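# Chain and residue survey
The residues making up each chain are set out below.
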Amino acid sequence: MTDNLVIVESPAKAKTIEKFLGKDFTVKSSFGHIRDLSKKNFGIDIENGYQPQYIISEDKKKVVEELKKAAKKASLVWLASDEDREGEAIAWHLYDALELKPEKVRRIVFHEITREAILHAVANPRPINMELVNAQQARRVLDRLVGFELSPVLWKKVKPSLSAGRVQSVAVRLLVEREREILAFKTTSSFRVAALFGITGKGDEKNTFRAELSERFPERSKALNFLKKCSGAVYEVSDITTRPSKKSPSPPFTTSTLQQDAGRKLGFSVAQTMAIAQRLYESGKITYMRTDSLNLSASVLKSTAGVIKSEYGENYLNTRKYKTKSKGAQEAHEAIRPTDMESRTEGSSANEQRLYELIWKRTLASQMSDARLEKTTVTINISGASEKFIASGEVMMFDGFLRVYMESDDEEQEEQTGSLLPPLKTGDRPGAEKITATERFTQHPPRYTEASLVKKLEELGIGRPSTFAPTISTIQNRGYVEKEDRPGKPREYRVIGLDANGGITEETLTETAGSEKAKLFPNDIGIVVNDFLMDHFNDILDYNFTATVEKDFDNIASGKLSWPVMIDRFYNPFHKKVEETIETSERNKGERLLGADPESGRNVFVKIGRFGPMAQIGDSDTDEKPKFAALRKDQRLETITLEEALELFRLPRKLGEYEDKEVAAGIGRFGPYVRHDNKFVSLKKDDDSPYTIELDRAIELIEEKRRAEREKVIREFDSPEGLALLKGRWGPYISYGGKNYKIPKNVDPVELSAEQCLEIIRENKSRPAKRKTAPRKKQPKK
DNA sequence: CAGTGAGCGAGCTTCCGCTTGACTT
């Protein structure tokens, strides 16, 4: 009898595979990597050929112990981690850390979780590929060296606790450069002319259609001139062309395209998409969600074809194989697809169901026929003018995959394409019922969304499916960038109209322009860090840096290059540059002199202070103490004006006294407030402004808050002092000694005695705080 | 939790890529 232990990376995968392999096989999971570089001394012995110092990660000790035990009992251990660089390294780390005997080990790989694939893998074991493992070690060591040498430079030269790395720093660079492009963008306007034509058909019915002028007019006067020429003109159809066109479906989902489409169609953030996909994966509804592969297994191609044939008919079927084109793809899995195409809906929550449906449709559509269209273009001449009107129509001849799925665009399109045209022939003379020239504006390049940034990174070959979402979170958590909505501003535009009787009208209308939803904006600290890194480490921030080192990793993987040699070539000049920068470069606080304060004549400037971007009046080294004020969230060091900076110093404003204590109004981290007796009351957004609020109104708000505080109290105990039952946002809780404690669900808070409260507090405290990584504090402790 | 903006400088922060977990203040 043989006891076989199979080790895969994911527990959900383990469960599925166990079913295929039968009784002789136990399948366990390593939960990803089990070892990593120690954090002490870089975890790398730089003097000794960059020898890595691996340790078993704290949260993996239990896993490794269990695997060790299981391996001892087994006669054969099958290492079945993914067949890519990281997977090969996991296999080797397992081999090493579990102290397995070579004759007891088999390395197997499969690219899809199907019975055939797994049985085939078991029949074809191979040795661990040490060259591939070495490529991973080089990748790991390089990232550690870059991250752990660069970040401390930032601590010294910009601000403590900042971070830099091969991936995150490029992500920030993309955002900073795009923001500067947008700032530098000069909007211009031009007049777009559209006409509504009418023509009488055979049966005397009146048909109308729209056409657009082939050119735009940069100035109002030219547009007006044109309309005047049109007054009383005759229009004649001079040409009609019809040509066929087709649309093809998108390939099945990878991690990045799923994040993009779920963002556009369902409004999910990339983190949300991944969390929901994870649940679908764990319940066995979809295949693995961190993948860059477009491949679909033979069995799913067959079942998909079956669904298409029975639901839509044979002519909707077009079985296709897709090839990955993204740089650095490693194809360890399939594309993201339903495990069972026969199942139309799955998921235990509304969001899971919506995401599942999206995946199902995309998978199905990828195997369907092209949509066939017929595009008609009609050219209309104008008597007395050389410009031409163009009307275009689109007729769907065969809907094909569009029956189930259409990928959305990032840019919201302004004009609706292809409508239906009435029957027309050359020589027809339609009448113009109305012609309008509308002022339109050029648009700055779009800001990135989370998903479009992921798309860009993937195009550059930077980052992996497993890190896209975490990277997006990291750059936000570090304060480099922020996801925000911006309301947009009213903008006037002009419309000139010509009616059927030749009358010309002109009006000015208002639209909202520049509104943004869930876009990524770089913050000042992100901009300053980026500028600093670009100044001193532009080679690391180069968009091709990753692609270049990936070539080296490939050469290591194919045995043409030794990994310590590669690292050495990189590290020597890099480390020199780091030391040089520490020694010679100026501190970079993004300081900018705005001008002189008209009241005192002292310098007014902005810079990044200990608590973020701020404005300052007066230099620090003069006798008179400088004055400080924090920048508002929507202000940037780069763009703030002297006037705007001076405005900041009008707060906090003293309003007067109440109960012998001062009342003042200001704007803090959480918005506008009134302060009294060291207590803060938030101002209501639309009703009050800290710049204008009066004492009477402030007292009203203070009293209102006091009333609310009183109503919060369910019961106050006399002893011990400070023990109280309070009502909060999440229901009743116990407050004691400045801390809050949760009340167990099955307890009625009104009945609690002081004794019972203290008992609950003791229980709460005895529970260990299990959080592995403390949440980052925005403010340093006082 | 919001107001600050400095030090004789303790001790800390940080990377990317695999995985899932246990919290509801």
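Going by the structure above, here's the rest.
Here's what I pulled together on the structure shown here. Keep in mind that what you see is a predicted model, and the values were worked out from it rather than measured.

## What to know about the pairing of strand E1 (residues 4-8)
For E1, a buried count of five out of five residues is recorded, marking the element as mostly surrounded by other parts of the structure. Side-chain alternation along E1 places Asn4, Val6 and Val8 on one buried face and Leu5 and Ile7 on a second face that is also buried. As defined by bridge partners, E1 adjoins strand E7 (residues 76-79) across four bridges and the pair is classed as parallel. Bridging across to E7, Ile7 finds its partner in Leu79. Bridge count for E1 against strand E2 (residues 25-29) is five bridges, and the pairing is parallel. Bridging from a neighbouring strand, Leu5 pairs with Thr26 of E2. Taken together, E1, helix H1 (residues 11-21) and E2 form a β-α-β motif whose crossover is right-handed.

## Things to note about the sheet that holds E1
Ordered by their spatial adjacency, four strands build an open sheet running E2-E1-E7-E8, and the pairing between neighbours is parallel. Edge positions in the sheet fall to E2 and strand E8 (105-107), since each of these pairs with one other strand and no more. Neighbour-to-neighbour, the strand axes of this sheet turn through a mean angle of 25 degrees, independent of strand direction. The strands that helix H3 (residues 85-97) touches are E1, E7 and E8; relative to E8, the one it contacts most, it runs at about 175 degrees.

## Looking at the sheet that holds strand E25 (residues 671-676)
Sheet strands associate in pairs through backbone hydrogen bonding, adopting either a parallel or an antiparallel arrangement. Pairing within the open sheet is antiparallel, and its four strands lie in the order E23-E24-E25-E26. Each end of this open sheet is capped by a strand with a single partner; those strands are strand E23 (653-658) and strand E26 (679-682). This sheet shows a mean twist of 30 degrees between the axes of neighbouring strands, independent of strand direction. Bridge count between strand E24 (residues 661-668) and E25: six bridges; the pairing is antiparallel. Considered in E25, the bridge of Gly668 is made with Gly671. Helix-sheet contacts for helix H19 (residues 695-712) involve E23, E24, E25 and E26, and the interaxial angle to E23 is about 65 degrees.

## Notes on the pattern of salt bridges
Going through the model one piece at a time under the given rule, you end up with 49 salt bridges. One salt bridge connects Arg447 with Glu516, and the closest N-O pair in it is separated by 2.7 Å. Taken as a pair, Arg447 in the loop between strand E14 (431-441) and helix H12 (450-459) and Glu516 in strand E18 (residues 516-522) lie far apart in primary sequence, 69 residues in all. In this structure, Arg447 and Glu516 share a single accessibility class: buried. Between Arg697 and Asp688 there is a salt bridge, and its shortest N-O distance comes to 3.0 Å. The partly exposed category is assigned to Arg697, whose relative accessible area is 23%. One continuous salt-bridge network, built from bridges that share partners, spans Glu86, Arg139, Asp143 and Arg166.

## As for the side chain of His333
Structurally, His333 can be placed in the loop between helix H10 (298-312) and helix H11 (350-365). One polar contact links His333 to Asp82, side chain to side chain, over a distance of 3.1 Å. When neighbours within four sequence positions are excluded, His333 is seen to be in contact with Lys13, Asp82, His111, Tyr288, Arg290, Thr291 and Ser293.

## Observations regarding the pairing of strand E21 (residues 612-617)
The buried fraction of E21 amounts to five of the six residues, a majority that puts the element mostly inside the structure. In this sheet, E21 lies alongside strand E20 (residues 603-609) in antiparallel orientation, the contact comprising six bridges. The partner of Val606 across the bridge, within E21, is Ala615. Where E20 folds back on E21, the antiparallel hairpin that results is connected by two residues. In the sheet, E21 pairs with strand E22 (residues 627-630) via four bridges, with the strands oriented antiparallel. Bridge pairing in E22 places Met614 opposite Ala630.

Reading the values: the criteria
Residues numbered from 1 in each chain as written. Chains lettered and ligands numbered in written order. Predicted model: local features only at pLDDT ≥ 70, side-chain atom pairs only at ≥ 80, totals over all residues. Heavy atoms only, no water. Buried < 20%, exposed > 50% of the residue type's maximum accessible area, 1.4 Å probe, protein only. Helix = DSSP H or I, 4+ residues; strand = E, 2+ residues; numbered from the N terminus. Pairing = 2+ DSSP bridges. Right-handed = clockwise from strand over helix to strand, strands pointing away. Axes fitted to C-alpha atoms, helices over the stretch in contact; angles between N-to-C directions. Contact = heavy atoms within 4.5 Å. Salt bridge = Lys/Arg side-chain N within 4 Å of Asp/Glu carboxyl O. Polar contact = N/O pair within 3.5 Å; in protein donor to acceptor, adjacent residues only side chain to side chain.

Everything listed here is a matter of geometry and, on its own, says nothing about what the molecule does.
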